[in-house]
Amino acid sequence: SSEAEVTRIGDVEALKEKHRTRMTLVIETYAPEMLASYQTAWDAHDAVHVQLEAIRQERKAEIQAEVTAIRAKVESGELTLEEAKAELLTLREANKAEHEAIRAEIEALKATYGQDPEVVKAAKEALKVAVKAKDEAEIVRLLGDLLAMLEKHITFDNMKLDVLN
């Protein structure tokens, strides 16, 4: 992976930890009975995302190995440059078709398990407002809503994992 990608991943991890630290403080203050459920959900979310990333990296390595094998055949004289170009084009088209089929399955899953990012964002913003106002009932309600949204997202990610496996 490139340095920029590593930096981006590091930034995402730092933001995630900052968010979870703030959420933990709010949960501990207003709804300590939800803390174990949130921790379980966060752990499940992290685990499924590790698996999704591993599949992505594995597929990337498989494609690179196929390209490297074709390149080696050209260098050994087993394939001409034109034959290699044809094989690479065939490989590219097959990968594109597979990618599009997977994307279509995932889009279909979104209809059942997906969430509107704007709804999630609005709930997070409402939580910030409720915390500033120290509106305990609203905070507890929103924490429950956000936990349900997170659990639905994890279900979606697990379904996506099933499609990719």
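Residues numbered from 1 in each chain as written. Predicted model: local features only at pLDDT ≥ 70, side-chain atom pairs only at ≥ 80, totals over all residues. Heavy atoms only, no water.

1. Regarding the pattern of salt bridges
Applying the stated criterion across every chain yields a total of 12 salt bridges. Between Lys16 and Asp46 there is a salt bridge, with its nearest N and O atoms 3.1 Å apart. Highlighted residues: Lys16 in helix H1 (residues 3–30) and Asp46 in helix H2 (residues 35–76), separated in sequence by 30 residues. Of the residues examined, Asp46 reaches a relative accessible area of 22% and is grouped as partly exposed. A salt bridge links Lys110 to Glu107, with the shortest nitrogen-to-oxygen separation between them at 3.2 Å. Here Lys110 pairs with Glu107, and both are found in helix H3 (residues 81–113), just three residues apart, close to one helical turn. By relative accessible area, which is 39% here, Lys110 ends up partly exposed. (Salt bridge = Lys/Arg side-chain N within 4 Å of Asp/Glu carboxyl O. Helix = DSSP H or I, 4+ residues; strand = E, 2+ residues; numbered from the N terminus. Buried < 20%, exposed > 50% of the residue type's maximum accessible area, 1.4 Å probe, protein only.)

2. Looking at the environment of Val163
Structurally, the position occupied by Val163 is in helix H5 (residues 136–164). In the structure, Val163 is positioned 28 residues away from Asp135 in sequence and 42 Å away in space, judged by C-alpha atoms. Residues in contact with Val163, not counting those within four places in the same chain, are Ile102, Glu105, Ile106 and Leu109. (Contact = heavy atoms within 4.5 Å.)

3. Points about the nonpolar core
Met23, Ile27, Tyr38, Leu127, Ile139, Leu143 and Leu146 are the most contacted members of the largest nonpolar core, which totals 20 residues. At the level of elements, H1, H2, helix H4 (117–133) and H5 are the ones that each hand at least two residues to this core. At eight residues, the largest contribution of residues to this core is made by H5. In this structure, Val67, Ile70, Leu79 and Leu91 belong to the second largest nonpolar core, which totals five residues. (Core = buried A, V, L, I, M, F, W, Y, C linked by side-chain atoms within 4.5 Å.)

4. Some details on the packing of aromatic side chains
Applying the stated rule across the entire model yields one aromatic pair. On the basis of an interplanar angle of 55 degrees and a centroid distance of 5.4 Å, the ring pair of Tyr38 and Trp42 is categorised as tilted. Taken together, the positions of Tyr38 and Trp42, both in helix H2 and four residues apart, correspond to about one turn of that helix. In terms of burial, Tyr38 and Trp42 fall into one category: buried. (Phe/Tyr/Trp six-rings, centres within 6.5 Å; stacked < 30°, edge-to-face > 60°.)

Taken by themselves, the reported measurements are silent on function.
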